[in-house]
Amino acid sequence: MKILGIETSCDETSAAVVADGVSVLSNVIASQVEIHARFGGVVPEVASRRHVELIMPTIQEALDKAGCALHDIDCIGVINRPGLIGALIVGVAAAKTIAYAAKIPLVAVHHIEAHIYANWLTAADIQFPLICLVVSGGHSDLIYMSDHGKYEILARTRDDAAGECFDKCARAIGLGYPGGPEIDRLAKEGNSHSVKFPRAKVGDTLDFSFSGLKTAVIRYIEGFAERPPLPDLAASFQAAIVDVLVDHTFKAAQERGVKLVMMAGGVAANSSLQAAMKARGKELGIVVNAPPPVLCTDNAAMTAAAAYFAQERGLYAGLDLDSFASQPIGERAEAM
Ligand code: KG4
Ligand code: ZN
């Protein structure tokens, strides 16, 4: 079964063709990063307008690269929630138009669900139950999955998301947008023990809190007349985030007795986080799966993978499908 995936929830216009929920035939990502970088972050109205320009050529390119025409496509999966509303509407309008014109069934996908399903594109044998650490620009969640589509949120952030913290701290130290990849690169040359940044705890919960770390980084920079040594700062800051994410994830994994931990979202592309998660998993005898960076950050292949498993459960959407700026994972769009 071939699924056309469409993703326009933020600043990437992406379309992909995935076979049977696991084989990527094409995954075209038209990034708007350069357009937004000069503003230091995503400007929603600019993103929507650019999606309008890019959506049809991106879909055509994804079909061409997969060697498909529309009549080869069995189903369309589109992200309709959560995200920038004006950006989501562009992908959903394109998906509904194609679904109607070419008589192809439609599936609505939650953005976080799509990130999680990127794991099915890279791991042959995924067994439930499992725990997924979802860390992106808008989310830092620990999610327990007992089966396809069954999500229990064990922890979330009380303030900033991990990616937001990477981006805000990068901006504070004069790096470009998005800050995560820049900090990842700089940290490789730095000493992670050079500055002791806080590792926040939220009572005895597994929830995260990153706003104190952001403040600590800003205070630390203020103590210097000139820019402090950036590689050491980047490595120390990154270690503070990685330590907390790894500790909480494996606490949850041990409490729930799972044998598999998956990683998802843009921050899961972080090389130090991937290495630390795999090392801790090895110590504890828990398998860790992390998609390659291109499948961690926003893309449409993950959307098509999630849509495949949703259509197997009969979860089709109608042509009255709407877009939603916010909605928790696990609630179907059709139920709104
Ligand atoms: O999942 P994503 O592409 O978009 C959202 O759904 O938010 O995640 C984007 C976030 C940004 O905050 C970006 O700085 C971060 O992921 N990110 C990284 C890395 N690559 C992307 N953070 C740390 N290290 C990376 N290598
Ligand atoms: Zn995302």
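As the structure is a computational prediction, the values presented were derived from the model and not from experiment.

Here we take up the overall build of the protein. Within the protein, the regular secondary structure consists of 11 helices and 10 strands. At 20 Å, the protein has a C-alpha radius of gyration in line with the 20 Å of a compact globule built from 336 residues. Along the first, second and third principal axes, the C-alpha set of the protein runs to 60 × 45 × 35 Å. Burial statistics for the protein: of 336 residues in total, 54% are counted as buried. In the form shown here, the protein has an accessible surface area of approximately 13900 Å², with 53% of it arising from carbon and sulfur atoms. With 29 positive and 38 negative side-chain charges, the protein shows a separation of 3 Å between the mean positions of the two kinds.

The next point concerns the environment of Asp74. Turning to its location among the elements, Asp74 is positioned in the loop between α2 (44-65) and β4 (75-81). Between the C-alpha atom of Asp74 and that of Ile104, which follows or precedes it by 30 residues, the distance is 6.3 Å. If we ignore the near neighbours within four places in the chain, the residues touching Asp74 are Met1, Lys2, Ile104 and Pro105. Of note is the side chain of Asp74, whose polar atom sits 2.6 Å from the backbone nitrogen of Lys2.

Attention now moves to the coordination of the zinc ion (ligand 2). Ligation of the zinc ion (ligand 2) by protein atoms is provided by His111 (NE2), His115 (NE2) and Asp298 (OD), these donors lying 2.0 to 2.1 Å from the ion. Every donor residue of the zinc ion (ligand 2) comes from the same chain, spaced as H-x3-H-x182-D. Highlighted residues: His111 in helix α4 (residues 111-117) and Asp298 in the loop between α10 (293-296) and α11 (301-312), separated in sequence by 187 residues. Asp298 carries the same exposure label as His111, and that label is buried.

Before going further, it helps to examine the environment of Ala304. Within the secondary structure, Ala304 is located in helix α11. Sequence separation of Ala304 and Glu182 is 122 residues, and the distance between their C-alpha atoms is 29 Å. Among all residues touching Ala304, those that are not within four sequence positions of it are Ile3, Gly5 and Val18.

What follows is about helix α8 (residues 230-256). Over its 27 residues, α8 extends 39 Å from the first C-alpha to the last, a length consistent with the 39 Å expected when each residue adds 1.5 Å. Burial analysis of α8 places 19 of its 27 residues in the buried class, which makes it a mostly covered element.

What follows concerns the packing of helix α5 (residues 162-172) against helix α7 (residues 211-222). In the contact formed by α5 and α7, the axes pass within 10 Å of each other and the chain directions differ by 10 degrees. Classified by the interaxial angle, the pair formed by α5 and α7 is roughly parallel. Here Cys165, Lys168, Cys169 and Ala172 of α5 come into contact with α7, specifically with Leu213, Lys214, Val217, Ile218 and Ile221. Across the contact of α5 with α7, the residue classes tally to seven nonpolar, no polar and two charged.

Another point: α7. Since the α-helix turns once every 3.6 residues, residues separated by three or four places project in the same direction. The end-to-end C-alpha distance of α7 is 17 Å, a good match for the 16 Å that 12 residues give at a rise of 1.5 Å each. Residues Leu213, Lys214, Ala216, Val217 and Ile221 constitute the buried set of α7. Down the axis of α7, the smallest arc covering the buried residues is 160 degrees, so these residues share one side. Pointing more than 90 degrees away from the buried face of α7 are the exposed residues Arg219 and Glu222. Tucked into the core, α7 has its buried residues touching α5 and α8.

As far as domains go, the protein holds domain 1 (2-117 + 295-335) and domain 2 (126-290). One C-alpha centre belongs to domain 1, the other to domain 2, and the line joining them spans 26 Å. Taken residue by residue, the interface counts 19 residues in domain 1 and 19 residues in domain 2. Counting the surface domain 1 buries against domain 2, the share from its top three residues, Ile112, Ile116 and Cys296, is 35%. Between the two partners, domain 1 and domain 2, sit zero salt bridges. In this structure, the connection of domain 1 to domain 2 is made through three residue pairs in polar contact (both at pLDDT 80 or more). For the side of domain 1 that touches domain 2, the elements supplying multiple residues, two or more each, are α1 (33-37) and α4. Among the elements that line the side of domain 1 that touches domain 2, the one with the most residues is α4, at five residues.

Attention shifts here to the nonpolar core. Within the largest apolar cluster, 51 residues are counted, with the highest numbers of intra-cluster contacts made by Phe197, Val217, Phe237, Ile241, Leu273 and Met277. Elements supplying a minimum of two residues to this core: β6 (130-135), β7 (140-147), α5, α6 (179-187), α7, α8, β9 (260-264) and α9 (271-284). In contact with Met277, not counting residues within four places along its chain, are Leu133, Val246, Thr249, Phe250, Val261, Met263 and Val288.

A separate point is the pairing of strand β5 (residues 106-110). With five of five residues buried, β5 is to be regarded as a mostly interior element. The pairing of β4 with β5 spans five bridges and is parallel. Across the sheet, residue Ile79 finds its bridge partner in β5, namely Val109.

About the thresholds
- Residues numbered from 1 in each chain as written.
- Chains lettered and ligands numbered in written order.
- Predicted model: local features only at pLDDT ≥ 70, side-chain atom pairs only at ≥ 80, totals over all residues.
- Heavy atoms only, no water.
- Helix = DSSP H or I, 4+ residues; strand = E, 2+ residues; numbered from the N terminus.
- Rg over C-alpha atoms; globule rule 2.2 N^0.38 Å.
- Buried < 20%, exposed > 50% of the residue type's maximum accessible area, 1.4 Å probe, protein only.
- Areas by Shrake-Rupley, 256 points an atom, 1.4 Å probe, with all protein chains shown as cover.
- Lys, Arg positive; Asp, Glu negative; His and termini not counted.
- Charge placed at Lys NZ, Arg CZ, Asp CG, Glu CD.
- Contact = heavy atoms within 4.5 Å.
- Polar contact = N/O pair within 3.5 Å; in protein donor to acceptor, adjacent residues only side chain to side chain.
- Donors = N, O, S within 2.8 Å, 3.2 Å for Na, K, Ca; no water.
- Expected span 1.5 Å × (residues − 1).
- Axes fitted to C-alpha atoms, helices over the stretch in contact; angles between N-to-C directions.
- Parallel < 35°, antiparallel > 145°, perpendicular 65-115°, else oblique.
- Nonpolar A, V, L, I, M, F, W, Y, C, P; charged D, E, K, R; others polar.
- Arc of directions from axis to C-beta.
- Domains from an automatic or database assignment.
- Buried area = accessible area lost by both parts, 1.4 Å probe.
- Salt bridge = Lys/Arg side-chain N within 4 Å of Asp/Glu carboxyl O.
- Core = buried A, V, L, I, M, F, W, Y, C linked by side-chain atoms within 4.5 Å.
- Pairing = 2+ DSSP bridges.

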